[in-house]
Amino acid sequence: MKKLILLLLFYGSLLSQTTDTLFILQTTDMHGNIYPYDYFTDQPDENRGLAKIYSRVIEYRKNHRNVILIDSGDLLQGTPLAYYFNHNDKELTHPLILTMNYMGYDAFTVGNHDIEQGLFVYKKAENESKFPWLSANASLEDKRTYYPPYTIIERNGLKIGILGLTTPGIPMWLDKNLYPGVSWEDMVSTARKYAAELRPKVDILVGSFHAGFNADYSQAQSDAAGLPNENASEWVAEKVNGFDAVFAGHSHRAGPMKPGIENKMSFNYGPLRLNAGHWGENLGVARIILSKDKSGWKVTDKQGWLESVRYIEPAQSILELTEYYHKKTLDYIRTQIGTLKTPISASNARFEDTALMDLINDAQLDFTGADISFVSSFNDKFKLDAGPIFIKDIYGMYRYENFLYVIEMTGRQIRDFLEYSARYFILENGRVKTNPEIAGYNYDMAEGVNYQIDLYEEPGRRIINMRDPKTGKPFDMNKTYTVALNSYRASGGGGHLAAAGALNNKIVFKSTEEMRNILADYISKKRTITATANKNWMLLK
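Residues numbered from 1 in each chain as written. Predicted model: local features only at pLDDT ≥ 70, side-chain atom pairs only at ≥ 80, totals over all residues. Heavy atoms only, no water.

1. Quick word on the overall build of the protein chain
Working step 1: Regarding its fold elements, the protein chain presents 18 helices and 31 strands.
Working step 2: Each of the 541 residues in the protein chain was classed as buried or not, and the buried ones make up 58%.
Working step 3: Pairs at least 24 residues apart make up 78% of the contacts formed inside the protein chain by residues separated by at least 6 positions.
Working step 4: Element-wise, carbon and sulfur atoms account for 49% of the exposed surface of the protein chain, whose accessible area totals about 23,000 Å².
Working step 5: Side-chain charges of the protein chain comprise 61 positive and 64 negative groups, with the mean position of each set lying 4 Å from the other. (Helix = DSSP H or I, 4+ residues; strand = E, 2+ residues; numbered from the N terminus. Buried < 20%, exposed > 50% of the residue type's maximum accessible area, 1.4 Å probe, protein only. Contact = heavy atoms within 4.5 Å. Areas by Shrake-Rupley, 256 points an atom, 1.4 Å probe, with all protein chains shown as cover. Lys, Arg positive; Asp, Glu negative; His and termini not counted. Charge placed at Lys NZ, Arg CZ, Asp CG, Glu CD.)

2. Overview of the sheet that holds strand 12 (residues 245–248)
Working step 1: The strand order 8-9-11-12-14 describes an open sheet built from 5 strands, whose pairing is mixed. Here the strands that pair on one side only, and so sit at the sheet edges, are strand 8 (150–155) and strand 14 (272–275). Taking each pair of neighbouring strands and ignoring which way they run, the sheet shows an average axis angle of 20°.
Working step 2: Where strand 9 (residues 158–166) meets strand 11 (residues 204–210), 7 bridges bridge the pair, whose relative direction is parallel. Across the sheet, the residue bridging to Thr166 is His210, located in strand 11.
Working step 3: Contacts between helix 8 (residues 187–198) and the sheet are confined to strand 8, strand 9 and strand 11, with strand 9 contributing the most and set at about 160° to the helix. (Pairing = 2+ DSSP bridges. Axes fitted to C-alpha atoms, helices over the stretch in contact; angles between N-to-C directions.)

3. Quick look at the packing of aromatic side chains
Geometrically, a pair of aromatic rings is defined through the distance of the ring centres and the angle of the planes.
Working step 1: Here the structure, examined in full by the defined rule, presents 32 aromatic pairs.
Working step 2: With 5.1 Å between their ring centres and 75° between their planes, Tyr84 and Phe85 make a pair best called edge-to-face. For the pair formed by Tyr84 and Phe85, the shared burial category is buried.
Working step 3: A network of ring pairs unites the aromatic residues Phe40, Tyr83, Tyr84, Phe85, Tyr324, Tyr325, Tyr332 and Tyr395 as a single cluster.
Working step 4: Taking the ring centre of Trp235 as reference, the NZ or CZ of Lys239 above it sits at 4.7 Å.
Working step 5: Above the ring of Phe390, the side-chain terminus of Lys392 is found at 5.4 Å from the ring centroid. (Phe/Tyr/Trp six-rings, centres within 6.5 Å; stacked < 30°, edge-to-face > 60°. Lys NZ or Arg CZ within 6 Å of the ring centre and 35° of its normal.)

So, to be careful, I would describe these as geometric facts and stop short of saying anything about function.
Written as structure tokens, this is what we have:
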């Protein structure tokens, strides 16, 4: 009899429980990609775009009743399509927002490259959105947040809280005029505050963060600038109680799951962690199973994985919805601006002075009248044969939507800047390699000064034989020069100015034109480009 009672109690307990499943779908770092098309090469690309993502979203919504769709930032920058409708044709609804409204996004976390497009661009986009823009650590002086810190979504009796956080590294890269009165606070302390507030109100707590899991990537730069860590998503997952899932972005590092259903992994310790990568190459998928008893809903299982879009057909509805925008962008990128007499290539641009880098430096010097110019090679796969130069070629050789600044630097600070940059190289058994901890876009080369980089010396003592190219005399370490450099670098990005003791130096000029426009205008003015390298710098190895 006792056994019968226990069995009845056991089965009664099972019958009193209700189970349900929630799917959270994530995109991040879309960077202006709707069509499966590479506007830089003017060729189709099967491995990107919201049109492909939507095909998978449709399937999830058909097969499951509880589906949420979120994006973790960096939407409005990255392609000629995004640029054109940010700045040239601003009357229409923004194509990225039109698309995401149609796809039924539930929440969006603001990214640094969204802020970079300027106040009027990102406010227009926010106003056009049918989904909330989130950022709990975008704080105002009166302690309000510039964006809502979180949103609560209901799905068939389930309450899901989504907390948004934006990388606090923004002051390292962007001029404060782009975000007037906003301070980007520490992610961990902000998450702890709002998790405590939000957790009692919801059944599932989700973090959608525009910051990577790789906190070590730029810790030294953040510390030098006196800023909170740029990529603290993992720290939040480890140190803040209450989250069921944390979605990251910003770093473009897809994972920690590997693509493919066969490689999905269970994260039943702490919150599930997932980053969909970038450009819509993958859809991030989190499956959360819950059980409900008298005390409420409890998460009983969490799994996450990435689904590649490579072999998925794009949704025809998205292609038709944005066809006008796509065709307008093609017309734009196919506009000829000049003629190239000799081929140029970036394949070796970080290892020797090249005609391509000299072309960009010349454009910067011509526009600003500065004494010195610093540039980086942003795309080491770029090459252009002799012949017509089109707008799309400018996007290929200069990938980022930087502005151009001029600051004052002493000769000694210029040398120290170049010393810091030269950490990029490693010499092993007479072979030149690159430092895996330093991104290629953080290696700068100069024009307006002759110098050599002695790789047999330790970093910090490598820049030698600095000379004035006009007089041939030794470079004056005590003289003050005007230096042209992009807005990312001028705001402290990469840590170069901090290392040179020049982070607070006087800014004498800020362009209102983006660097790609400056470069395009320079080529248009010249009409015919005969690119050459003057070999003002070289590696000694």
